[in-house]
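Single-letter residue listing:
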Amino acid sequence: MTAQIRPILIHPDRRLRAECEPVAEVDDSIRALIEDMLATMYDAPGVGLAAPQVGVLKRVIVMDCVDKDALPAPVAMVNPEILRVSEELNVHEEGCLSVPEEYVEVTRPARVRVRWLDAAGAPQEADFEGLWATCVQHEIDHLDGRLFIDYVGPLKRKLITERMKKLKRARAREQEEREAGVA
């Protein structure tokens, strides 16, 4: 089975605000979703992707936060949950594939302990810090219908949302023109 690159939803889209369902069983359909999500994330390119970003309202995330010169080290998590967070905080400039070309500083715990099921359905638990900690928290937020722009004030969030609406309209026009040119 070959992984497919899936379209990434752009904010605002109601599916990005939905609380995702837990995965009952890690089966071939979930493994195919993971492969598609990894291919989509690497193609974008990004360091993390959550299932609702590709329109699937299941609790599945993928991430790979290694330096771009390092070998890939993908992590896929099914039903991830944060068990512990550090009191120490970290500020990181975050972006999101569903909110392209927008970046804001977000304060999150510097270290987290996470439990999840891997692609084989086996339970896993690990500590994350640095970019990995920021990324796993950002992606788990997606599963709860939360976006990184929810960490900024209402005015800035509204401005970003308006820019995303404009971007979506421009992309829709471009798509219509491409399709009209083909017809």
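Residues numbered from 1 in each chain as written. Predicted model: local features only at pLDDT ≥ 70, side-chain atom pairs only at ≥ 80, totals over all residues. Heavy atoms only, no water.

Along the protein, the regular secondary structure elements total three helices and seven strands. Along the protein, helices (α) and strands (β) appear in the sequence α-β-β-β-β-β-β-β-α-α when read from the amino end. Computed over the C-alpha atoms, the radius of gyration of the protein is 17 Å, within 12% of the 16 Å expected from 2.2 N^0.38 for a compact globule of 183 residues. Dimensions of the protein, computed from C-alpha atoms along their principal axes, come out at roughly 50 × 45 × 35 Å. For the protein, buried positions account for 41% of its 183 residues. Positive and negative side-chain charges in the protein, numbering 25 and 33 respectively, have mean positions lying 7 Å apart. (Helix = DSSP H or I, 4+ residues; strand = E, 2+ residues; numbered from the N terminus. Rg over C-alpha atoms; globule rule 2.2 N^0.38 Å. Buried < 20%, exposed > 50% of the residue type's maximum accessible area, 1.4 Å probe, protein only. Lys, Arg positive; Asp, Glu negative; His and termini not counted. Charge placed at Lys NZ, Arg CZ, Asp CG, Glu CD.)

In spatial order, the strands read 1-2-3-6-7; together these five strands make up an open sheet with antiparallel pairing. The two strands at the open ends of the sheet, each matched to only one other strand, are strand 1 (48–50) and strand 7 (123–129). This sheet shows a mean twist of 40° between the axes of neighbouring strands, independent of strand direction. With five bridges connecting them, strand 3 (residues 75–85) and strand 6 (residues 111–117) associate as antiparallel partners. Residue V85 lies in a different strand from strand 6, and its bridge partner there is V112. Each of strand 1, strand 2 (60–63) and strand 3 touches helix 1 (residues 28–43); the most contacted strand, strand 2, lies at about 40° to it. Taken strand by strand, helix 2 (residues 130–143) contacts strand 1, strand 2, strand 3, strand 6 and strand 7, and its axis lies near 155° from that of strand 2. (Pairing = 2+ DSSP bridges. Axes fitted to C-alpha atoms, helices over the stretch in contact; angles between N-to-C directions. Contact = heavy atoms within 4.5 Å.)

Here we come to the packing of aromatic side chains. Summed over the entire model, instances satisfying the criterion amount to two aromatic pairs. What links up through ring pairs into an aromatic cluster is the set W116, F128 and W132. (Phe/Tyr/Trp six-rings, centres within 6.5 Å; stacked < 30°, edge-to-face > 60°.)

Our focus in this paragraph is helix 2. In a regular helix each residue adds 1.5 Å, so 14 residues correspond to 20 Å; helix 2 covers 21 Å between its end C-alpha atoms and thus fits that length. Along helix 2, eleven of the 14 residues are buried, which leaves the element largely enclosed by surrounding structure. Directly after helix 2, the chain includes G145, whose backbone phi takes a positive value near 75°. (Expected span 1.5 Å × (residues − 1).)

Inspection of the entire model under this criterion finds 15 salt bridges. Here R113 and D127 are joined by a salt bridge, their closest N and O atoms 2.9 Å apart. Of the two residues, R113 is situated in strand 6 and D127 in strand 7; the sequence distance between them amounts to 14 residues. Connected through shared salt-bridge partners, E94, R108, D141 and R146 make up one network. (Salt bridge = Lys/Arg side-chain N within 4 Å of Asp/Glu carboxyl O.)

On to a negative patch on the surface. On the surface, a cluster of negative charge is made up of E174, E176, E177 and E179. In this fold, E174 is placed in helix 3 (residues 154–182). When its relative accessible area of 43% is taken as the criterion, E174 is described as partly exposed. (Patch = residues over 30% accessible without salt bridge, like charges linked within 9 Å, V, L, I, M, F, W, Y side chains within 5 Å. Areas by Shrake-Rupley, 256 points an atom, 1.4 Å probe, with all protein chains shown as cover.)

In this section: helix 1. Along its 16 residues, helix 1 runs 22 Å from first to last C-alpha, staying within 8% of the 22 Å computed at 1.5 Å per residue. Considering only its buried residues, helix 1 is in contact with strand 1, strand 2 and strand 3.

Pairing geometry for strand 4 (residues 89–96) and strand 5 (residues 99–109), over seven bridges, is antiparallel. Within the sheet, the bridge partner assigned to L89 lies in strand 5 and is P109.

Here the focus is the nonpolar core. One broad trend across soluble globular proteins is that nonpolar side chains are buried collectively. Residues I61, M63, M77, V114, F128 and V136 are the most contacted members of the largest nonpolar core, which totals 16 residues. Put simply, the parts of the chain that give this core at least two residues each are strand 2, strand 3, strand 6 and helix 2. With five residues, helix 2 is the largest single contributor of residues to this core. The next biggest cluster of nonpolar side chains, apart from the first, holds 15 residues, and it includes V23, L33, L38 and A76. (Core = buried A, V, L, I, M, F, W, Y, C linked by side-chain atoms within 4.5 Å.)

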